[in-house]
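Here's the letter readout for the chains.
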Amino acid sequence: MDAIRTENLTKNYGKFRGITNLNLTVPQGAFFGFIGPNGAGKSTTIRTLLGLLRPTSGQAQVLGFSVTRNREDILRWTGYLPSEAVFYPGMRVREVLKLSADLRKRDCAKEAKTLCERLRLDESRRVEELSFGNRKKLGIVCALQHDPELLILDEPTSGLDPLMQREFFEILKERNAQGTTVFLSTHVLSEIQRSCTQAAILREGRIIACDSVENLGKTNARRVTLQGRFEEAGLSGIRDLTRRDSSASFLYSGEMKALLTRLAQGSVQDLTISEPDLEEVFLHYYSEGGEGK
Amino acid sequence: MTIVKHELRQGWKNLVIWTGAIGFFMVVCILLFPQMKTQAADMSEAFASMGAFTAAFGMDRLNFGTLIGFYGVECGNVVGIGGGLFAAMIGITALSKEERDHTGEFLLTHPIRRSRVLTEKLTALLLQVLVLNALVFLLSLASMVVIGEDIPWREVGLQHLAFLFMQLELVCVCFGISAFLRRSSVGIGLGLAIGAYFANLLANLSQDLEALKYLTPYGYTEAAEIVTEQCLDTEKIAIGLGFALIGVAAAYIKYTKKDIH
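The following paragraphs examine the structure supplied in this document. (Residues numbered from 1 in each chain as written. Chains lettered and ligands numbered in written order. Predicted model: local features only at pLDDT ≥ 70, side-chain atom pairs only at ≥ 80, totals over all residues.)

We now examine helix H3 (residues 93–103) of chain A. When H3(A) is considered as a whole, its buried residues turn out to be A:Val93, A:Val96, A:Leu97, A:Leu99, A:Ser100, A:Ala101 and A:Leu103. Just past H3(A), the residue A:Lys105 takes up positive phi, approximately 55°. (Buried ≥ 20, exposed ≤ 12 C-beta atoms within 10 Å, placed from the backbone. Helix = DSSP H or I, 4+ residues; strand = E, 2+ residues; numbered from the N terminus.)

Right under this line is the structure:
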């Protein structure tokens, strides 16, 4: 059984596009990254999976349950961290955690205490006194305290300082090792590279790539950085060219022989040809027409 | 009952303020009665010369020199307007505040059926209306004892019962509207309550507008009719409860399928 499976899932807001014919499979136990630029439809996908939005067409199952018919079953075994965690004013952290546990009819006091200690969250603080980062921590504890089978995290690290980010990912890795599926939506590509085994890239409401992170990072393009004089005119396959003083840098996906011939014709003092980093590859996907590698 | 407790905890300050304010004005009005009673003849003459205004508030059919006559006009308006505004306000924000304040995402990503959320929220609303009315009723009775007047149990009881029905109707209708709203909506609720109040005044002024009494919940709270008939207008109350049921049904139909943003 897959943790998440969607078939031609579509959600429109009137005339506006949300997601279109989304086919996504997240295996159980995966640490899955979900990436895409702003407005790509990441939050719409997540909200549809959680039953906050009704699909316009298509089907989706989470943990084997239908998002339209078995919403409560999905939510019982899922922990969700929204991108902007908002809580009821006037409540203290411990009251919010108790409310969340009561709504699940569970006693999560012990786990909540452990998580608060690890994330250094003061349970006696009032919600309105919390900084953005501390509100995020409270959202994390709410999502994790009932030991869910699936964690859906929308931009989880925004607002967290680097130390807390590290601790947070430690917790996620521990949970993942225990069998929890982690579905992580983020803009931060290094988080995907560091933690996720698989990822899907969303652009304009459609999935344009879905594979292991390793495979997604593979590309025929090379980053060429050189010092000296070089004439690129007429050479096909050059992108992202930047020149500064006597140096130049560009992504090259054309024929290597043609590049080497052209370099030999110029006066190059220093040359580096390397694989582009993951961020460059993803930016290529994000950009218009970047569906190929 | 988690959501009922949560809603009551979130709304208790509001309830205390409204109960305190309505109760305070009720007590002050009743405490003023002994002084008013001595000037009853002058006041009746003054009101008689106010024409349509007298009819609008039912003062042409009530004797200001009696406690129930005075209570029906003065105190009735305090509970009528205050209680109506309170009921409309808590009803109209009950569901819309979750989207306005973005707390709906927290609440509705827990494993609870939306119909359960609605039932518990409605229960909390009804409890708040009941508590406000019970406390105001008790304060009124205590004030009557303090000024040494005999309590006209039947008339006062019927009047407060009518106000309770009126607030229950308003809270249920506003609850239904709340399911369709996403943003701050207090103005809609307050406008509805005030509009209903003035609709009743207009119906009192003109025979042609008599039908309005069947639409507005204030139509069956008229002290002049309750005191003279010694009973409630069950026909108008039944229509009012019909509107209340429509409001609740609309909330269940809409909110169980609504997209939460």
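Next comes the rest of the account.
Time to look at helix H8 (residues 186–205) of chain B. Residue and element names in this part refer to chain B. For H8, spanning 20 residues, the distance from its first C-alpha to its last is 29 Å, which sits close to the expected 28 Å at 1.5 Å a residue. Where H8 is concerned, the buried positions are Gly189, Ala193, Ala196, Asn200, Ala203 and Asn204. All buried residues of H8 fall inside an arc of 115° around its axis, so they share one side. Facing away from the buried side of H8, by more than 90 degrees, are the exposed residues Gly187, Gly191 and Gly195. (Expected span 1.5 Å × (residues − 1). Arc of directions from axis to C-beta.)

What follows deals with the pairing of strand S7 (residues 150–154) of chain A. Residues and elements named next belong to chain A. In terms of burial, S7 is a largely internal element, five of the five residues being buried. Because side chains alternate across S7, one face comprises the buried residues Leu150, Ile152 and Asp154, and the other comprises Leu151 and Leu153, equally buried. One ladder, built from five bridges, connects S7 with strand S8 (residues 181–186); its direction is parallel. Looking at S8, one finds that Ile152 is bridged to Phe183. The handedness of the S7 to S8 crossover, carried by helix H6 (residues 162–177), is right-handed. (Pairing = 2+ DSSP bridges. Right-handed = clockwise from strand over helix to strand, strands pointing away.)

Contacts between chain B and chain A engage 17 residues on the former and 17 residues on the latter. Elements with a contribution of two residues or more to the side of chain B that touches chain A: helix H1 (2–38) and helix H5 (104–107) of chain B. Here the element with the most residues in the side of chain B that touches chain A is H1(B); it accounts for three residues. Among the residues forming the side of chain B that touches chain A, the class breakdown is five nonpolar, seven polar and five charged. (Contact = placed C-beta atoms within 7 Å. Nonpolar A, V, L, I, M, F, W, Y, C, P; charged D, E, K, R; others polar.)

Residue and element names in this part refer to chain A. Taken in spatial order, the four strands make up an open sheet running S12-S13-S11-S14, and their pairing is antiparallel. Both outer strands of the open sheet, strand S12 (238–244) and strand S14 (267–274), are each paired with one neighbouring strand and no more. On average, each strand axis in the sheet is tilted by 15° relative to the strand beside it, whichever way the strands run. Alignment of S12 against strand S13 (residues 247–252), held across five bridges, turns out to be antiparallel. If you follow Arg243 over to S13, its bridge partner there is Ala248. (Axes fitted to C-alpha atoms, helices over the stretch in contact; angles between N-to-C directions.)

A word on the pairing of strand S1 (residues 2–13) of chain A. Residues and elements named next belong to chain A. Bridge count for S1 against strand S2 (residues 16–27) is eight bridges, and the pairing is antiparallel. Along S2, the bridge assignment pairs Thr6 with Leu24. Taking the residues between adjacent antiparallel strands as the criterion, S1 and S2 are bridged by two residues, where Gly14 takes a positive phi near 65°. When S1 meets strand S4 (residues 57–62), the two strands line up antiparallel, connected through five bridges.

A few words on the environment of A:Asp245. All names here are of chain A. Within the secondary structure, Asp245 sits in the loop between S12 and S13. Look at Asp245 and you get exposed, because 6 C-beta atoms sit within 10 Å. It is 53 Å that separates the C-alpha atoms of Asp245 and Asp2, two residues lying 243 residues apart in sequence.

Residues and elements named next belong to chain B. Interhelical geometry of helix H4 (residues 67–100) versus helix H6 (residues 114–146) gives an angle of 160° and a closest axis separation of 11 Å. The orientation of H4 with respect to H6, classified from their angle, is roughly antiparallel. In the crossing of H4 with H6, the sense of the turn from one axis to the other is right-handed. In this structure, H4 contributes Leu67, Cys75, Val79, Gly83, Phe86, Ala87, Ile90, Gly91, Ala94 and Leu95 to the contact, and H6 contributes Lys121, Leu125, Gln128, Val129, Leu132, Asn133, Val136, Ser140 and Met144. Tallied by class, residues from the contact of H4 with H6 come to 13 nonpolar, five polar and one charged. (Parallel < 35°, antiparallel > 145°, perpendicular 65-115°, else oblique. Left-handed = near helix turned anticlockwise from the far one by under 90°.)

We now examine the nonpolar core. Counting 131 residues, the largest nonpolar core has A:Phe32, A:Val141, A:Ile152, A:Phe183 and B:Val171 as its most contacted members. For this core, the leading source of residues is H4(B), giving 16 residues. Residue contacts for A:Val141: discarding those within four places in its chain leaves A:Leu97, A:Ala112, A:Leu115, A:Cys116, A:Leu119 and A:Leu121. Membership of the second largest hydrophobic core comes to six residues, among which are A:Phe230, A:Phe250, A:Tyr252 and A:Leu259. (Core = buried A, V, L, I, M, F, W, Y, C linked by C-beta atoms within 7 Å.)

Residue and element names in this part refer to chain A. Phi at Arg120 is positive, roughly 55°, even though this residue is not glycine. Following the sequence through the fold, Arg120 ends up in the loop between helix H4 (109–119) and helix H5 (132–144). One non-glycine residue, Glu204, lies in the positive phi region at around 50°. Secondary-structure assignment places Glu204 in the loop between strand S9 (198–203) and strand S10 (206–212). Here Glu204 falls in the partly exposed class, since 14 other C-beta atoms lie within 10 Å of it.

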